[in-house]
Amino acid sequence: MKKRLPLLFLLLGLALVARSLLPERNKTDFDLAAFGRLPVVVNGRVKPVDTVARTALVVLQSSQSIAAPDETKLTPNEWLLDVLFRSSRADAYQHFEINHPDLLAIFSLTPADGRAKRRFSFRQLEPKIDELQRQARLAEPVEAAIRTPFQKAVAQLYANLGLYIRLKASMVAPDHQDFLSELLTYQKNVTAGVAAVRAKEAGQPYDAALAAQMMESGGRFSRMGELAYLLAVPPSDGESNTTGWKKVGESLLDSFPTGQINPAIMVYAGLARTWKADQPKEFNEILRLYRAQLERNFPQSLVKCDAEARYNSAQPFYTAMILYVLAFLIAVISWLVWPDELGRAAFWLLGIAWVLATAGLLARMWLEGRPPVTNLYSSALFVGWIAVGFCLALEYIYRNAIGSVAGGLVGFATLLIGYYLSLGGDTLEMMRAVLDSNFWLATHVVTVTAGYGATFLAGFLAIIYIFRGVFTKSLDKATADALSRMIYGIVCFAALFSLVGTILGGIWADQSWGRFWGWDPKENGALMIVIWNAIYLHARWGGLAKQRGLAVLAVFGNVITAWSWFGVNMLGVGLHSYGFMDSAFPWLLAFAGSQLLCIAIGSIPLAMWRSFRA
Amino acid sequence: MNLAVRSVRDFFVSLKLTVVLLALSLILVFASTLAQVDLGIYAVQEEFYRSFIAIWHVGGIFIPLPGGYLVGGLLLINLLSAHVYRLKLEWRKAGIQLTHSGLIVLLLGELFTGLWQEDFQMTISEGDTKNYSESFRLYELAVIDTTDPKMDEVVAIPDAKLAKAALIQHPKLPFRVATKAYFPNTTLARRDAAALSPAAAAVPVATRGIGSSVAVTPLPLTYKMNEMNVPSAVVELISDEGSLGSWLVSPHLGAPQTLSHAGRTWRLELRIARAYKPFSLQLLKVTHDIYVGTDLPKNFSSRIKLTTPDGRDDREVLIYMNNPLRYGGYTFFQYQMDSSRGQTGLQVVRNPSWLLPYIACIMMTFGLLLQFGLSLRAFIAKRRTTAKPAVV
């Protein structure tokens, strides 16, 4: 049994991965997955409806899981279908998260009125929307950085309500009984109707009823054109026209002179009718026909949308997170019992998790057509990936489970950070002009981020050194030497990556801003990591610090790296303004505090460490 | 070598000094980053890096720190003396030698950049041609002889000279220019004697030109990224026969003033300092792409026609983000754009030492790779001989 443990855990890990790759089970007769794969454009990118559904849910309520008031669970696509096509139901879904008690007071609600004590429905908020709007206007002139928590909550909820209302107007006219019938009537009458309106304007006799109907349709379409969140109508000339995507309302307005409604709009109206009337067969058939038509004009976009929808449902980083935790726990246990068997099991699990994370990163790179790091979210993924990569190498060399412990911990921590960063919305973002350079993203950004990863890893290895030394008897001389050498090796890589990455950043700045170095906060942050690694290396080479001192130094590297990674973004100044965030400031402080505590523990005289006590 | 000299040498050679200096630079960088929130980047560069002692204001407390010149200079000395006295030239140390040499190149590059780099901007509207760029911060008093309708003779006096309030004599001018008052940042308003603030009342009133009806209010210097200091000066022109009167000059005035003396006519204006180029750029077209359905910029580009008076260069170039034009020792970067008005803003940089960081980067990368590669090889060789055979 004991001998089979590594194999058992290996199979368990593989089973977890395999399960995540299986398509999601569909409880309804509607082909929800096919709907989720439909391409639309949001934020400048062609993406599957599935991504829209998931990110909208995450933005509204920080979670992808949602249930109807009668507690039936909904998939994100089912939820979106109701939002788009059957708002009478969606308005009752409790998906607006409100955490600020004063904000609830505006709506005369209490936490008890909400799902999970914090989520509320459109219907619950609707009566006081005017008051929310007034509060939002009051908050608006205040600079985002100095808003009170209440003002931030107001602005957030106001934006979320806007998102919901805009989503509702994306494919069919919201609050409309039968959009398809209206469109068909409109199409039948449009030529005569336009003539009637023209005649009216020219002061000639005209068909009053028809002209009024046209004016009403025009008003509705233009409201839809203003409101809609999605660019859902693909250009008729295929995917080479990347800027031709339109909102349904805009496309309908364009149809006045020609009388030709874009087929995609009829498809959406048809989907709306069949979804509302609970006609899965017809619903699926409309999807199938539309898909066949898209295949001709948008083959590549469809391939990517399909892959992205699969990526969404597989959630590779979520599975990797579980595996990292498992690897960490098993590796820690291996220090107590069965070091060989459990150590190997942890190594295998860590390996599977890392391969999965690699696949996830590659999938993102392919979807985006970009190097791995393009925003803060992907930097978290990459920091973890590079650190765990090093851990696997260390574990392969040393086989003392230290690499697995550190890898499990760093892998989990970075994916957790990534999870919180992903709550802001779609993580596959378009790059603004200055960043639109795959060469520099691939060189400067990747090396600097690798430097973050290596510096963090050195810090975590040092924490292991300190904790095992102070609190256990397990840090014998061989282990201490090995750990110390691991830290040194990783710091060497960290110094290399952060130095080269920082200079490359300077060269990029020279190319795009006209100066190599400008003491910008983000540049300073990178420089601080370089200097810190240099201090470590020189202190070691000069014999100025011994094992314990070096470990303490390495732990402080964590504080510096966290400062460079997130802290400088919270200052709200500088040119690297594409990664701003301030809500995580307390977390940053807490992290720095925890590291200082580790340093304090590490500074206890060696004679009092359990491992070195006589 | 006597004991004192030896101990001084040991001090400068020591690794301890290296570590202390590195730690001090870390604090300096950190402090300067925080200080940017209040001071802005330009003031921070002057205060923290182009200085020997920096004063860091935290709340109401002043913390003196060694400035960039001091720390950087000592590090350079420390590094150079370590190489002279401590680190021997040997293959084993080649990686460190190369890395440190790269660092020296980098530091020198920054020093030269600080000394030699000139920054200008060039704003061109579609269809317009320009053969000069303008400074970001510096001004000049332009005294332009417009008597000859075919050509203007320009004498430009830098604002720094005006600020020194010296009597300025130029061979091309039949009068001397004396500064009666100079204020580096000001606002102007219509002069209303009753409502003059004490600061504005203290400014001497110009006797000629529009200045006699204008009130000048001196302002404190601004360091904000999006604000400019706009100076004003009252200058007196003095010919051999005596004073011609005094003029208020300021970029705020908008239009130049004219004066006549000895049968010739001059235009007088305090304007943003210009640097003329031996070639000219004509803006053909600006393009501002956004991602569909968003206002996120995808690209800014300027199509430019580059010509030299001698006709040797006459071609079209495209300047866009991350793709500057390098020509004649200058680099032109896409800097700002107002596509609705068909206007582009180029940043113009002359930096003779721009290649040094590239060289430094290559040297340090290879140096570190060599150093760590050698360590890694030694480590692996050692493990081969001592470690037990691997079992997976």
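Just so we're clear, the structure is a prediction, and the values are computed from it rather than from any experiment. (Residues numbered from 1 in each chain as written. Chains lettered and ligands numbered in written order. Predicted model: local features only at pLDDT ≥ 70, side-chain atom pairs only at ≥ 80, totals over all residues.)

**Student:** Before we move on, can you summarise unusual backbone geometry with the specific residues and values?
**Tutor:** Residue and element names in this part refer to chain A. Residues other than glycine seldom take positive phi values, yet Asn43 does so here, at roughly 50 degrees. Its place among the elements puts Asn43 in the loop between β1 (39-42) and β2 (45-48). Backbone geometry places Trp338, a non-glycine residue, at a positive phi of 45 degrees. In this fold, Trp338 is placed in the loop between α16 (316-334) and α17 (339-368). (Helix = DSSP H or I, 4+ residues; strand = E, 2+ residues; numbered from the N terminus.)

**Student:** If you had to explain the nonpolar core to someone new, which residues and values would you point to?
**Tutor:** Counting 232 residues, the largest nonpolar core has Leu349, Leu457 and Leu461 of chain A as its most contacted members. Excluding its chain neighbours within four sequence positions, the residues that come into contact with Leu457 of chain A are Ala387, Phe390, Cys391, Ala406, Val410 and Ile490 of chain A. By size, the runner-up hydrophobic cluster in this structure holds 27 residues, among which are Val177, Val216, Val234 and Leu270 of chain B. (Core = buried A, V, L, I, M, F, W, Y, C linked by C-beta atoms within 7 Å. Buried ≥ 20, exposed ≤ 12 C-beta atoms within 10 Å, placed from the backbone. Contact = placed C-beta atoms within 7 Å.)

**Student:** Before we move on, can you summarise the environment of Gln135 of chain A with the specific residues and values?
**Tutor:** Residue and element names in this part refer to chain A. Position of Gln135 relative to the elements: it lies in helix α8 (residues 129-139). Taking the C-alpha atoms as reference points, Gln135 and Phe328, separated by 193 residues in sequence, lie 47 Å from one another. Apart from the residues lying within four places of it in its own chain, the contact partners of Gln135 are Ile106 and Val154.

**Student:** Report on the interface of chain B and chain A, specifying residues and quantitative values.
**Tutor:** In this complex, chain B contributes 47 residues to the contact, which on the side of chain A involves 49 residues. Going through the elements one at a time, α2 (15-39), α3 (41-49), α5 (94-116), β14 (297-307), β17 (330-338), β18 (343-350) and α8 (356-386) of chain B are the ones with two or more residues in the side of chain B that touches chain A. At 14 residues, the largest contribution of residues to the side of chain B that touches chain A is made by α2 of chain B.

**Student:** Which residues make up helix α23 (residues 547-565) of chain A, and what values go with them?
**Tutor:** For α23 of chain A, spanning 19 residues, the distance from its first C-alpha to its last is 27 Å, which sits close to the expected 27 Å at 1.5 Å a residue. Burial analysis of α23 of chain A places 17 of its 19 residues in the buried class, the great majority of the element. (Expected span 1.5 Å × (residues − 1).)

**Student:** Can you tell me about the domain arrangement of chain A, naming the residues and giving the values?
**Tutor:** Accessible area lost upon the coming together of the parts is a frequently used measure of interface size. Split into domains, chain A comes out as domain 1 (49-168), domain 2 (179-297) and domain 3 (431-608). Its C-alpha centre places domain 2 of chain A at a distance of 56 Å from the equivalent point of domain 3 of chain A. (Domains from an automatic or database assignment.)

**Student:** Outline the environment of Leu32 of chain A, listing residues and values.
**Tutor:** Residues and elements named next belong to chain A. Within the secondary structure, Leu32 is located in helix α2 (residues 32-36). Under the C-beta neighbour-count criterion, Leu32 is labelled buried, with 25 such atoms within 10 Å. Leu32 sits 121 residues away from Ala153 along the chain, and the two C-alpha atoms are 33 Å apart. When neighbours within four sequence positions are excluded, Leu32 is seen to be in contact with Asn26, Thr75, Asn77 and Glu78.

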